[in-house]
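Examination of the molecular architecture
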Amino acid sequence: MFLAIAIMAFTFAGKAQTNNEQKTLTRIVQLQELIANHLQEDCGIASVDNYRKSICEAAIFSIKNSEKLESLKGKENISLLDITTLGVTIKEEADKTKEAMEMGEKAAKELKEFTEKSTKAGNPLKAAKAAKQAKAGSDIMGKGATAIKIITDETVAKLKTIEEMTNAAK
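I will try to describe carefully the structure that is included in this document. Everything numeric here is computed off the predicted structure, so don't read it as measured data.

**Here we look at the pattern of salt bridges**
All chains considered together, the criterion is met by ten salt bridges. In this structure, D95 engages K91 in a salt bridge whose closest nitrogen and oxygen atoms are separated by 3.0 Å. In this pair, D95 and K91 both sit in helix α4 (residues 80-119), four residues apart, roughly one turn of the helix. On the accessibility criterion, D95 (38% relative accessible area) is partly exposed. The closest approach of N and O atoms between D153 and K149, which form a salt bridge, is 2.8 Å. Residue D153 and its partner K149 are both found in helix α5 (residues 124-169); the two are separated by four residues, about one turn of the helix. Several salt bridges share partner residues, and in doing so they unite E21, E70 and K73 into one network.

**Thoughts on α5**
One turn of an α-helix holds 3.6 residues; hence residues three or four places apart share an orientation. Across its 46 residues, α5 extends 66 Å between first and last C-alpha, which sits within 8% of the 68 Å expected from 1.5 Å per residue. The opening residue of α5 is N123, an N-cap whose side-chain oxygen sits 2.8 Å from the backbone nitrogen of L125.

What counts and how
Residues numbered from 1 in each chain as written. Predicted model: local features only at pLDDT ≥ 70, side-chain atom pairs only at ≥ 80, totals over all residues. Heavy atoms only, no water. Salt bridge = Lys/Arg side-chain N within 4 Å of Asp/Glu carboxyl O. Helix = DSSP H or I, 4+ residues; strand = E, 2+ residues; numbered from the N terminus. Buried < 20%, exposed > 50% of the residue type's maximum accessible area, 1.4 Å probe, protein only. Expected span 1.5 Å × (residues − 1). Polar contact = N/O pair within 3.5 Å; in protein donor to acceptor, adjacent residues only side chain to side chain.

Below you can see the structure in the form of structure tokens.
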């Protein structure tokens, strides 16, 4: 994942970065940091774990699309077919993000129910384990929400760039 940072930095090295390019690079670094440091481990609550996996997939897809877009912007002659193809993959990115958000809603409900049940557990060892799982699940939900916001911001920026490129190619 950190290879993407190096590639993006190298891509931008030969030219002055625009504000949008700087924001894209920042978002990519933020997503990579979230994936590497906060979204690696399951908590043991199925729907929360599925949400975590879905967020990671959407984030990786977003990063790859950002790299594709930068590569495309570096081309001298960009065809409408290139732009359209990338537009389709960005729509897939938006769909993956929407799916992750929907999974997040289900996961939040299940996490709340799990937390309520864990506080009523009669066995102290089971209660302690459940509390640990609930905290890990809560952390995943929080970091996942942050990742969704970053992915959404990046997707919107890519769509604006695609629109500009389409208008310029016409």
